[in-house]
Amino acid sequence: MDQHNPVDKRHLRSLKTRSKLLEAAKEVFLQEGFQKATITQMINKAGIGYGTAYVHFEGKEDLLIVLMENVMERFFEIAEISFLPKSKQEAEAIINKQANAFLKMAEAERDMMRVFEQAIGVSSFVSDKWKVIREKFIQRISKDVAYAQQNGLARSGISHEIVARGWFFTNEMYLWEIVRDEHHGSVEEIAKTITSVYVTGLYI
């Protein structure tokens, strides 16, 4: 990048401002929760002008969605784990690893996930974004189920889309229970149990 180019310098400054604002937003959301948090608090914490802030984000929902996408991207990396099993046992091992990592991530990101849950409950904008994120996971799982069916590992007479939806919703239910601290048993035990039930029902 040519540091003497004024456009590049402006772009760099703009990126810095954006990440400063996101960092401030995260702190305010964690401190105040979604409903009490205001964009004014975020702008003041970031130490930037109102005009500058609104160039990047329309409001607190906008900021939260970017934070949500950043967190969920890490969850999605788990769903993207290569899935090419040669046997039912191998499939179960991969699926268990994914479910375990997914729920562990919910535990690690508990505070921010609580803010997301509050926002999903009160903002249709954030709720719609969550539905888009959910569909991305379901499509990925659906692809894995279809692979298992095509390779004679899973029962073929059932819809891979419906199976994928059911599996994601099971994981999502436990994700929110972990976020709320309402889960029964360890994350490992939950992952192992739901994987076992899922694989037994789907795989031959």
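The structure this text deals with has already been given above.
In this report, the structure presented in the accompanying data block is examined. These numbers come from a predicted model, not from an experiment.

**Side note on the pattern of salt bridges**
Then comes step 1: This structure, assessed with the given rule, holds 14 salt bridges.
Then comes step 2: Notably, a salt bridge pairs Lys 45 with Glu 27, separated by 3.4 Å at the nearest N-O pair. Of this pair, Lys 45 sits in helix 2 (residues 39-46) while Glu 27 is found in helix 1 (residues 6-36), placing the two residues 18 residues apart along the sequence.
Then comes step 3: On the basis of relative accessible area, Lys 45 is assigned to the partly exposed category, the value being 42%.
Then comes step 4: Given the relative accessible area of 39%, Glu 27 is considered partly exposed.
Then comes step 5: Put simply, Arg 180 and Glu 117 hold a salt bridge, and the shortest N to O gap is 2.6 Å. In this pair, Arg 180 sits in the loop between helix 8 (160-179) and helix 9 (187-202) while Glu 117 sits in helix 6 (residues 110-122), placing the two residues 63 residues apart along the sequence.

**With respect to the packing of aromatic side chains**
The geometry of an aromatic ring pair is captured by two quantities: the separation of the ring centres and the angle between the planes.
Then comes step 1: Evaluated as defined, the whole model comprises nine aromatic pairs.
Then comes step 2: Judged by centre distance (6.1 Å) and plane angle (75 degrees), the rings of Phe 102 and Phe 168 are edge-to-face. Placement of the pair is Phe 102 in helix 5 (residues 88-108) and Phe 168 in helix 8, with a sequence separation of 66 residues.
Then comes step 3: Judged by relative accessible area, Phe 168 falls into the buried class, the value being 3%.
Then comes step 4: Aromatic side chains Phe 137 and Phe 168 sit 5.2 Å apart centroid to centroid with 25 degrees between the ring planes, which places their arrangement in the stacked category. With Phe 137 in helix 7 (residues 124-150) and Phe 168 in helix 8, this pair connects stretches of sequence that are 31 residues apart. We note that Phe 137, like Phe 168, is buried.
Then comes step 5: Ring pairing ties together the aromatic residues Phe 75, Phe 76, Phe 102, Phe 137 and Phe 168, which thus form one cluster.
Then comes step 6: One cation-aromatic arrangement involves Lys 60 over Phe 34; the distance from NZ or CZ to the ring centre is 4.5 Å.
Then comes step 7: Residue placement shows Lys 136 over the ring face of Phe 76; its charged tip is 4.2 Å from the ring centre.

**Here we look at unusual backbone geometry**
Then comes step 1: Its identity is not glycine, yet Asp 181 carries a phi of approximately 65 degrees, on the positive side.
Then comes step 2: Relative to the helices and strands, Asp 181 resides in the loop between helix 8 and helix 9.

**Describing the packing of helix 8 against helix 9**
Then comes step 1: Close contact between helix 8 and helix 9 brings their axes to 12 Å; oriented N to C, the two are set at 165 degrees. Here helix 8 is positioned roughly antiparallel relative to helix 9, judged by the angle of their axes. For the pair helix 8 and helix 9, the sense of crossing is right-handed. Note on element contacts: helix 9 touches helix 8 through Val 187, Ile 190, Ile 194, Thr 195, Tyr 198 and Leu 202, opposite Val 163, Trp 167, Thr 170, Asn 171, Tyr 174 and Ile 178.
Then comes step 2: Of the residues that constitute the contact of helix 8 with helix 9, the class distribution is nine nonpolar, three polar and no charged.

**A closer look at the nonpolar core**
Then comes step 1: Judged by nonpolar contacts, the single largest core of 68 residues is most densely connected at Phe 29, Phe 75, Met 113 and Tyr 203.
Then comes step 2: Elements that contribute at least two residues to this core include exactly helix 1, helix 2, helix 4 (60-79), helix 5, helix 6, helix 7, helix 8 and helix 9.
Then comes step 3: Counting residues per element, this core draws most heavily on helix 4, which supplies twelve residues.
Then comes step 4: Apart from the residues within four sequence positions on either side, Phe 29 is in contact with Phe 34, Ala 37, Met 42, Lys 60, Leu 63, Leu 64, Leu 67, Met 112 and Val 115.

Cut-offs applied
Residues numbered from 1 in each chain as written. Predicted model: local features only at pLDDT ≥ 70, side-chain atom pairs only at ≥ 80, totals over all residues. Heavy atoms only, no water. Salt bridge = Lys/Arg side-chain N within 4 Å of Asp/Glu carboxyl O. Helix = DSSP H or I, 4+ residues; strand = E, 2+ residues; numbered from the N terminus. Buried < 20%, exposed > 50% of the residue type's maximum accessible area, 1.4 Å probe, protein only. Phe/Tyr/Trp six-rings, centres within 6.5 Å; stacked < 30°, edge-to-face > 60°. Lys NZ or Arg CZ within 6 Å of the ring centre and 35° of its normal. Axes fitted to C-alpha atoms, helices over the stretch in contact; angles between N-to-C directions. Parallel < 35°, antiparallel > 145°, perpendicular 65-115°, else oblique. Left-handed = near helix turned anticlockwise from the far one by under 90°. Contact = heavy atoms within 4.5 Å. Nonpolar A, V, L, I, M, F, W, Y, C, P; charged D, E, K, R; others polar. Core = buried A, V, L, I, M, F, W, Y, C linked by side-chain atoms within 4.5 Å.

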